[in-house]
Amino acid sequence: MGRLVDGEWTTQWYEPDEDGRFVRPQTHFRGRVSRDGSTPFAPSDGRYHLYVSWACPWAHRTLIMRALQGLERAIDISVVDHYMGEDGWRFDPSVPGATKDAILGSRYLREVYVAADAHYTGRVTVPVLWDRETGTVVNNESRELARMLDHEFVALAEHPIDLAPADTCAEIEATIDAIYEPINNGVYKAGFASSQAAYEEAVGELFAALDHWEQVLGRQRWLVGDRPSEADIFLFTTLIRFDLVYHTHFKCNRRRIVDYPNSWGFVRELYQAPGVAQTCNFEHIRKHYYRSHPKVNPSRIVAVGPQLELDSAHGREAVGGLGLAELIASGK
Ligand SMILES: N[C@@H](CCC(=O)N[C@@H](CS)C(=O)NCC(=O)O)C(=O)O
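Residues numbered from 1 in each chain as written. Predicted model: local features only at pLDDT ≥ 70, side-chain atom pairs only at ≥ 80, totals over all residues. Heavy atoms only, no water.

A. Quick look at the packing of aromatic side chains. Tallying each qualifying case throughout the model produces 21 aromatic pairs. Taken together, a centroid distance of 5.8 Å and an interplanar angle of 65° make the contact between Trp 222 and Phe 266 edge-to-face. Here Trp 222 is found in the loop between helix H6 (196-219) and helix H7 (230-246), whereas its partner Phe 266 is found in helix H8 (residues 261-272), with 44 residues between them in sequence. Comparing Trp 222 with Phe 266, the two get one shared label, buried. (Phe/Tyr/Trp six-rings, centres within 6.5 Å; stacked < 30°, edge-to-face > 60°. Helix = DSSP H or I, 4+ residues; strand = E, 2+ residues; numbered from the N terminus. Buried < 20%, exposed > 50% of the residue type's maximum accessible area, 1.4 Å probe, protein only.)

B. Representation of the site of the ligand in the model. Around the ligand, 18 residues are found, and the nearest of them are Tyr 14, Cys 56, Trp 89, Arg 123 and Ser 142. One nitrogen or oxygen atom from the side chain of Thr 27 is found 3.2 Å from a nitrogen atom belonging to the ligand. The side chain of Ser 142 places a nitrogen or oxygen atom 2.6 Å from an oxygen atom of the ligand. When isolated, the ligand has an accessible area of 510 Å², and the protein chains bury 94% of it. A per-class count over the shell around the ligand returns 10 nonpolar, five polar and three charged. (Near = heavy atom within 4 Å. Polar contact = N/O pair within 3.5 Å; in protein donor to acceptor, adjacent residues only side chain to side chain. Areas by Shrake-Rupley, 256 points an atom, 1.4 Å probe, with all protein chains shown as cover. Nonpolar A, V, L, I, M, F, W, Y, C, P; charged D, E, K, R; others polar.)

C. Quick peek at the pattern of salt bridges. Enumeration according to the criterion identifies 20 salt bridges in this entry. When the shortest N-O distance is used, the salt bridge between Arg 73 and Asp 45 registers 3.4 Å. Pair noted here: Arg 73 is in the loop between helix H1 (57-69) and strand E4 (76-79) and Asp 45 is in the loop between strand E2 (8-11) and strand E3 (48-52), with a separation of 28 residues, a long-range link. For Arg 73, a relative accessible area of 53% translates into the label exposed. Overall, the relative accessible area of 42% leaves Asp 45 in the partly exposed class. (Salt bridge = Lys/Arg side-chain N within 4 Å of Asp/Glu carboxyl O.)

D. The sheet that holds E3, seen in detail. Spatial ordering of the open sheet is given by E4-E3-E6-E7, a layout of four strands whose pairing is mixed. Two strands close off the open sheet at either side, each with one partner strand: E4 and strand E7 (136-139). Averaged over all pairs of adjacent strands, the angle between strand axes in this sheet comes to 35°, irrespective of strand direction. Across three bridges, strand E6 (residues 128-131) lies against E7 in antiparallel orientation. Its bridge partner being in E7, Trp 130 is matched across the sheet by Val 137. (Pairing = 2+ DSSP bridges. Axes fitted to C-alpha atoms, helices over the stretch in contact; angles between N-to-C directions.)

In short, shape yes, function no, at least from these values alone.
Structure (structure tokens):
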């Protein structure tokens, strides 16, 4: 694990704050693809390329959005190896599920960042959206990329759906904010804490939030009412990894997601929606986390379990509202 400083690679673990808390760095590339011509990046078939990891929950947001919209043909992908070592993310097509860098043929993802900005300073993260036309990175912030894939590529999507409709968009944004610190980032704050107090603070907030959303999902089908939204995808990418890695590797072990009946049904409904299971690579998830954080797991031994029963009936119809598969079929 490391970072680029003025285009040069340095190896260094995350710097905690003075109380041992994990602090997630800001993202650098914040360009936007827009269909109204307001930015230099117009949506166009085959112009953009996504760099992803099957292991990463942030990249997974973009992979799910790409699948739900039917953008696989319009936006191709390169997939890094699951192992992230001293040199950061790397390409190794001999690893099942991983690919070469289809754009630059590079060995390490950091080369893509340096190609976009020779003086780049910051972490080298996935996901990354690359523009073939200008030869640069458009954006590397998953929340913004998910919104672009949701709204800006409608003309290229094989079955476009709107996962942030105007009338509920403010509530969707507020819900994405509400789950980010305690849940999406919370598992990392627990796992990367370097003091007992910071760990306990993160785990406390995490399970308070999981308990809260479990109640909500008992009353309504989705986080924002009766229709699926971006917020659901963002919760899903953390929950699908929870029992596999966060519970044991990041010590988030007060409960498992299978112990939350509503949340577990919610996970299964999303998993079973067309195209989503193909974005879930449990080998990459397991191997990445257990092997890539030597401070957390110095032996790099990969835990064997658990077996998840993701294909059993989710039963979420009982809560009412619109199913994700139904939304895709309706094309709205
Ligand atoms: N804010 C970014 C965070 C992405 C991120 O942290 N990705 C992780 C993988 S799960 C990564 O690439 N980490 C490499 C590093 O921090 O060196 C986003 O949401 O897109």
